[in-house]
Amino acid sequence: MRSIQRTLSLGLISVLLIIGLVLAQVSLWLFEVGMQRYLESGLRNDAELLLVAIVRGPNGLQLDEQRLSPGYQRPYSGHYFRIDFDGGHWRSRSLWDLELPQPDQAGLHADFELEKSRQSLLLLQSDYRKFGQKISITVAQDYTPVQASFAQVQRIGLGLGLAALLLILILQRFTVRRALRPLDKARAQILQLQQGQRSQLDQEVPLELEPLVAQINHLLLHTEDSLKRSRNALGNLGHALKTPLAVLMSLTEGQKLEQLPHVRATLRDQLQQIQQRLERELNRARLSGDALPGVRFDCNAELPGLFSTLRMIHGEHLELNNHVAADLVLPWDREDILELLGNLLDNACKWADSAVCLTITHEHGQYRLLIDDDGPGVPPEQRVEMLGRGNRLDEQVTGHGLGLGIVKDIVEAWGGHVQLLDSPLGGLQVRIDLPERQPAQPGVH
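Notes on the structure follow. Going along each chain's sequence as written, the residues are numbered from 1 onward. A pLDDT threshold of at least 70 governs which residues receive local features in this predicted model, and a stricter bar of 80 or more applies before side-chain atom pairs are shown or counted, although totals over entire chains, interfaces and linings include all residues. For side-chain calculations, the full set of non-hydrogen atoms in the structure is used, while hydrogens and water are omitted.

### Quick word on the sheet that holds strand β14 (residues 428-435)
(1) Moving on: Here we have five strands laid out as an open sheet, ordered β9-β11-β12-β14-β13, and mixed in their pairing. Pairing within the sheet leaves two strands with one partner each, and these edge strands are β9 (319-324) and β13 (417-422). Across the sheet, the axes of successive neighbouring strands diverge by a mean angle of 15°, strand direction being ignored.
(2) Moving on: In this sheet, strand β11 (residues 355-363) lies alongside β9 in parallel orientation, the contact comprising six bridges. Looking at the pairing, H323 lines up with T359 of β11.
(3) Moving on: Contacting β9 and β11, helix α6 (residues 299-314) runs over the sheet at an angle of about 165° to β9. What makes two strands pair is DSSP finding at least two bridges between them. Secondary structure is summarised from DSSP: a helix means a run of H or I of at least four residues, a strand means a run of E of at least two, and numbering begins at the N terminus for each. In this analysis an axis means a line fitted to C-alpha atoms, helices contributing only their contacting stretch, and an angle means the value between N-to-C directions, from 0 to 180 degrees. Contacts are assigned to residue pairs with any non-hydrogen atoms lying within 4.5 Å of each other.

### Some points on the pairing of strand β4 (residues 88-91)
(1) Moving on: As paired strands, strand β3 (residues 79-85) and β4 are joined by four bridges and run antiparallel to one another. Pairing of I83 across the sheet is with W90, part of β4.
(2) Moving on: Linking two consecutive strands that pair antiparallel, namely β3 and β4, is a turn of two residues.

### Some points on the sheet that holds strand β5 (residues 107-113)
(1) Moving on: With respect to topology, five strands assemble into an open sheet ordered β4-β3-β7-β6-β5, the strand pairing being antiparallel. Only two strands of the sheet have a single neighbouring strand rather than two, namely β4 and β5. Taking each pair of neighbouring strands and ignoring which way they run, the sheet shows an average axis angle of 20°.
(2) Moving on: As paired elements, β3 and strand β7 (residues 133-142) share six bridges and run antiparallel to each other.

What follows is the structure, encoded as structure tokens:
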């Protein structure tokens, strides 16, 4: 989608160009009309002077050349006249051997050209009566210098207009950037929300942003409250189930089931699995704590607690190692990484004989997670079936308990992929490759 700043800039440019062109054309037209009106007054004065120079002679009307302007005597001087009357006509010597164009009607006329010369004429034709005769006087002036000056004014005006437009755009860009600065601040704060560095947006924003910020803050409070209630509900459910589980476990050891050893063994096994699953979920809830939504996974801060919990669940006999670069922070939601590593490490600890190793590397624009154990491993022919689309390992292999469905959901949501390989420790290696920039999407829980 086009940015607001670019939209405003293009809109302003369009409006300024349209208004500027209209104003420029109107201004130039008014300027030209005003100039023609000014020149018309001079031409009318020349026509009246010529009328005065017409006198009565012994043979009828004659022109007193002593009263003519010197400009009418010099060839192609730019000042011309023609006088028509019943007995003939007179024309200025400045026309030399050319004829002055004659308009069809009286008045001011422009854009007439004098033949064999590059002069554009402005003509004024006026009709008079003198000594009982009708006299038509046409005076003309070379309009070319005025047109050249007019074109120069157009060029200067165009240059000044472009400079003004550029200045306005610069000022508009500065103004828009300053006006949109609260949006940049809000965007930075939303990024901090995604990274778990804050829980609310600042409410000191322009009036236009207040409803949006208020709705986002309300949504954040609602989400945080829902997470806390879910976590508390999970803990309450776990503690509420502990007593019934303990009662059922004691019943399996009672005398009533001595005659049914297979039933006792099945009940004991199923209850132990329920109890282990319950303990894992309660431990995960404790690990999540009160972290803000969107907190990134800091390996230095999170792995010691995760490994400590695994030791409490599976015993101190396991050697838990990790090879992770110092100060490595995974750019994904903390809860999702805990979900992913918790499932894989829990399974590795369950099947390992004595050692489990976690390796996380970051190179060539991607992250690689390796979970190795020294357990019995998984036959290669079963790995393809385990990783088939829609298949979950814990549903395909009885008692394996990998929870691979959750892992696959998280990894695929981030655009990565999972592989099951032979581990250097002798057991199974789970390899996860994740791109550095995952598509924007909500966390998977």
